[in-house]
Amino acid sequence: MSITTKLKDEFFGGWTKFEAFWLILFLAIQLSIFALNPEGWIASIAAITGILCVVFVGKGKISNYLFGFISVSLYAYISYTFKLYGEMQLNLLVYVPVQFIGFFLWRKHMTSENTVNTAGVEEVIAKALNLKQWLIVITIVVIGTYAYTLWLTHLESAMPGLDGITVVVSLVAQVLMTLRYREQWALWIIVNVLTISLWVSMYFQTGDTSVPLLVMYIMYLCNSIYGYYNWTKLAKKHQAI
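Counting from 1, residues in each chain are numbered in the order their sequence is written. Note on the predicted model: pLDDT of at least 70 is required for a residue's local features to be given, and 80 or more for side-chain atom pairs to be given and counted; whole-chain, interface and lining totals, by contrast, use all residues. Processing note: side-chain calculations cover all non-hydrogen atoms of the structure and skip hydrogens and water entirely.

As recorded in an unreviewed UniProt entry, the protein chain goes by Nicotinamide riboside transporter PnuC and comes from [Actinobacillus] rossii. UniProt positions are given in the numbering used here, feature names are shortened, and annotations may be inferred rather than shown by experiment. Per UniProt, the protein chain carries the Subcellular location (unreviewed entry) text "Cell membrane". Looking at the protein chain in UniProt, the text filed under Sequence similarities (unreviewed entry) is "Belongs to the nicotinamide ribonucleoside (NR) uptake permease (TC 4.B.1) family."

Participant: Tell me about the overall build of the protein chain, and please be specific about residues and values.
Facilitator: Numbering of helices and strands runs from the N terminus; a helix is a DSSP stretch of H or I covering at least four residues, while a strand is a stretch of E covering at least two. In terms of helices and strands, the protein chain carries nine helices and two strands. Of the regular secondary structure in the protein chain, the N- to C-terminal order runs α-α-α-α-α-β-β-α-α-α-α. To get the radius of gyration, use the C-alpha atoms; to get the globule rule, take the number of residues to the power 0.38 and multiply by 2.2 Å. The globule rule puts the C-alpha radius of gyration for 241 residues at 18 Å, and the 18 Å found for the protein chain is close to it. For the protein chain, the spread of C-alpha atoms along the principal axes amounts to about 50 × 45 × 25 Å. Within the protein chain, the fraction of its 241 residues that count as buried is 51%. Taking the contacts inside the protein chain whose residues are at least 6 apart along the sequence as the reference set, 73% of them involve residues at least 24 apart. Buried, partly exposed and exposed residues are distinguished by accessible area as a fraction of the type maximum, computed with a 1.4 Å probe on protein chains only: under 20%, between the cut-offs, and over 50%, respectively. Two residues qualify as a contact provided that any one of their heavy atoms is within 4.5 Å of a heavy atom in the partner residue.

Participant: Describe the layout of surface pockets, with residues and values.
Facilitator: Looking at the largest pocket, its volume works out to about 520 Å³. Looking at the largest pocket, it is lined by 19 residues, and the ones nearest its centre are Lys-6, Glu-10, Ile-62, Arg-107 and Glu-122. Contributing elements (two or more residues each) for the lining of the largest pocket: helix H1 (3-12), helix H4 (64-81) and helix H5 (85-107). Top contributing element to the lining of the largest pocket by residue count: H1, with five residues. In this classification, Asp, Glu, Lys and Arg are treated as charged, Ala, Val, Leu, Ile, Met, Phe, Trp, Tyr, Cys and Pro as nonpolar, and every other residue, Gly included, as polar. Its residues assigned to classes, the lining of the largest pocket shows ten nonpolar, four polar and five charged. Residues are said to line a cavity or pocket when one of their atoms sits within 4 Å of a point; the points come from a 1 Å grid over protein atoms alone, cavities being sets where a 1.4 Å probe fits but cannot get out and pockets being open sets with protein on both sides within 12 Å along at least five of seven lines. Grid points are joined across faces, edges and corners, and a volume is the space filled by probe spheres set on the points.

Participant: I'd like a rundown of the side chain of Asn-230, residues and numbers included.
Facilitator: Within the element layout of this structure, Asn-230 appears in helix H9 (residues 211-238). A relative accessible area of 3% means that Asn-230 is categorised as buried. Sequence-distant contacts of Asn-230, that is, excluding residues within four places in its chain, are made with Glu-19, Gly-58, Lys-59 and Val-116.

Participant: Describe empty space enclosed by the protein, and please don't skip the residues or the numbers.
Facilitator: The gaps of empty space that remain are located by a probe, the size of a water molecule, rolled over the atoms. Enumeration according to the criterion identifies two cavities of 30 Å³ or more in this entry. Considering only enclosed or pocket space, the largest cavity measures out at about 360 Å³ in volume. As for the largest cavity, its lining consists of 27 residues, and the residues nearest its centre are Val-54, Tyr-95, Gln-174, Trp-188 and Tyr-220. Listing elements by their share of the lining of the largest cavity, those giving two or more residues are helix H3 (41-58), H4, H5, helix H7 (160-178), helix H8 (184-206) and H9. At six residues, the largest contribution of residues to the lining of the largest cavity is made by H8. A breakdown of the residues in the lining of the largest cavity according to their chemical character gives 14 nonpolar, twelve polar and one charged. The computed volume of the second largest cavity comes to approximately 60 Å³. Along its surface, the second largest cavity is lined by Phe-18, Glu-19, Trp-22, Val-55, Gly-58, Lys-59, Asn-223 and Tyr-226. Looking at the lining of the second largest cavity, the elements that each hand over two or more residues are helix H2 (17-36), H3 and H9. Classifying every residue of the lining of the second largest cavity by side-chain character gives four nonpolar, two polar and two charged.

Participant: So what's going on with the packing of aromatic side chains? Which residues, and what values?
Facilitator: What counts as a ring pair is set by centres within 6.5 Å for rings of Phe, Tyr and Trp (its six-membered ring), and what kind of pair is set by the plane angle: stacked under 30 degrees, edge-to-face over 60, tilted for all other angles. Overall, the coordinates contain 17 aromatic pairs when judged by the stated rule. Each ring, one from Trp-185 and one from Trp-231, has its centre 6.4 Å from the other, and the planes form 65°; the classification is edge-to-face. On the criterion of sequence distance, the pair formed by Trp-185 in helix H8 and Trp-231 in helix H9 is long-range, its members being 46 residues apart. The buried category is assigned to Trp-185, whose relative accessible area is 2%. Taken together, the ring pairs connect Phe-18, Trp-22, Phe-26, Tyr-226 and Tyr-229 into an aromatic cluster.

Participant: If you had to explain the UniProt feature "transmembrane region" (unreviewed entry) in the protein chain to someone new, which residues and values would you point to?
Facilitator: The UniProt entry lists residues 12-35, 41-58, 65-82, 88-106, 134-152, 158-178, 185-204 and 210-229 under the feature "transmembrane region" (unreviewed entry), expressed in the numbering used here. Helix makes up 100% of residues 134-152 and strand 0%, and the two end C-alpha atoms of the span are 26 Å apart. Taken end to end, residues 185-204 has its terminal C-alpha atoms 29 Å apart, with 100% of it in helix and 0% in strand.

The structure is reproduced here in structure tokens:
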């Protein structure tokens, strides 16, 4: 198979009509926001590539890491301008390098056999946590949130409590994503609700917020629900591989 064919399958293959509509709708909303506020072009690019990233993750497509790298790099800069230092550190120090780590780990665990998509397009082999692993995840989240919130308070972050728990849950969810666990989506749902609250609270506290990023996380929340559904199918399909 030629490189051109592989790229075509990666970006355009295996989508259902619903998924294609879902993605086009999300992108159209963000482009509309950009048209109304072209001065926020950095946030708009971060939002558009972020949407492409999470939708491609939901489909188990490895190209999500390309869009993710662009999005998290820009998001780190925007978070810094709003003094959300927890979000900034998470994206710059964790999410940026994880895009490369995740790509190489996923690359070893892709399959075009027994796929959920009917076109047989390559998708990641998904797994599911057991009860013991869930308890470990919860313990890490609780201890990590307490410690990181203290650190953000020391840094005089704008909202250390909300910023702290958002960062820690995001970090654990990213690890689960890199390791191909379905339960990443349960944590992403929590992260998205918390991050929406973060940016809304920023508006009420300072009178300013990033509309493209706020809308982006609302879209992320919708996609996380669908992502959990699709990865449940992936895990069941791939358990024999």
